[in-house]
Amino acid sequence: MKLLVLFAFCVAAVVANSELDVWLQYNRRMPGEFYTKGLQARPPFQGRILGGVDADIANYPYQLSLRRTAHSCGASVIAARWALSAAHCTFPLPNPVSQITLQGGSSDRTQGGVVFQVEDIINHPDYDDWNLMNDVCVLRTAADLTGVNIVPIALDPVGATHAPGSRAVLSGWGLSSRQPDVLPIILQRVDIPVVSQAECVAGWPTGWVTDDMICASEPGRDACNGDSGGPLVVGGQQIGIVSWGDTACVGTNPGVYARVAFPLIRNWITQVTEV
């Protein structure tokens, strides 16, 4: 099975070929020159919602679209001036950071809501772009993240655990179908179960799943391209950040998320944002 990278899924609003060129720059799932330098001993990045349904942003007011002209990744509101996403969505840091904006308050990723300017992006200091350990970043906005249907999500406390089978909610604008590779316009959501750490570790090559990661998915329901950086939520608290998974995005192998409650992640978020 070819494994794909769920990296930032950047689509510019121009002609189809140009959109594809931009997407490939931020997506290492594809074979050939864009795929992980030809090496397959590295975790795949991917992110789409497969098996989901249209969602009303009013029910997911923490959901953000991280944008480079057009939708690139997911993110979440965690405080008045802070958003949370995956480090692989912003690595290496853009120069200037104003290349990235955040859109909130709209189910439609192409219009409506409020677009916020980003004034600072901080990737976890121990983020490893090879194995995706500590795949988390925070973004500080120039203005408060407020407006209709824009509300912060509470974060899992340090050391929190979730029983296998706990139902989690995943939301985002990632691919809902492998063919054609076109992002949905309307926000998607899907309910998926948390997977035990033992099952997740067993589902991937040795060393790929580490303690800073948590897994959730089931056959036919998973994340995929464009969902990267988005929130995985249980009981009103964000427990994960979409990080990586398999090529087909169908949940055969467990979908992998950065674990918000992992001490080196959660304590760092608090240190930087006071959340």
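Use the structure listed above.
So, here is what we can say about the structure in this document. (Residues numbered from 1 in each chain as written. Predicted model: local features only at pLDDT ≥ 70, side-chain atom pairs only at ≥ 80, totals over all residues. Heavy atoms only, no water.)

## Comments concerning the pattern of salt bridges
Here the structure, examined in full by the defined rule, presents five salt bridges. A salt bridge links Asp 120 to Arg 140; its shortest N-O distance comes to 3.6 Å. Within this pair, whereas Asp 120 is found in strand S6 (residues 114-123), its partner Arg 140 is found in strand S7 (residues 137-141), the two being separated by 20 residues in sequence. The partner of Asp 191 in a salt bridge is Arg 189, with the nearest N and O atoms 3.1 Å apart. For Asp 191, a relative accessible area of 25% corresponds to the partly exposed category. The exposure class of Arg 189 is partly exposed, given its relative accessible area of 21%. Here the salt bridges share partners, and the residues they tie into one network are Glu 119, Asp 120 and Arg 140. (Salt bridge = Lys/Arg side-chain N within 4 Å of Asp/Glu carboxyl O. Helix = DSSP H or I, 4+ residues; strand = E, 2+ residues; numbered from the N terminus. Buried < 20%, exposed > 50% of the residue type's maximum accessible area, 1.4 Å probe, protein only.)

## Structural notes on the pairing of strand S3 (residues 70-79)
In terms of residue burial, S3 counts as a mostly covered element, since 10 of its 10 residues are buried. Hairpin connection, strand S2 (residues 63-68) to S3: the antiparallel pair is bridged by one residue, and Thr 69 has positive phi, about 75°. Examined bridge by bridge, S3 and strand S4 (residues 82-85) share three bridges and lie antiparallel to one another. Bridge pairing links Ser 76 to Leu 84 in S4. The hairpin turn running from S3 into S4, its antiparallel successor, is two residues long. (Pairing = 2+ DSSP bridges.)

Function cannot be inferred from these measures alone, as they are strictly geometric.
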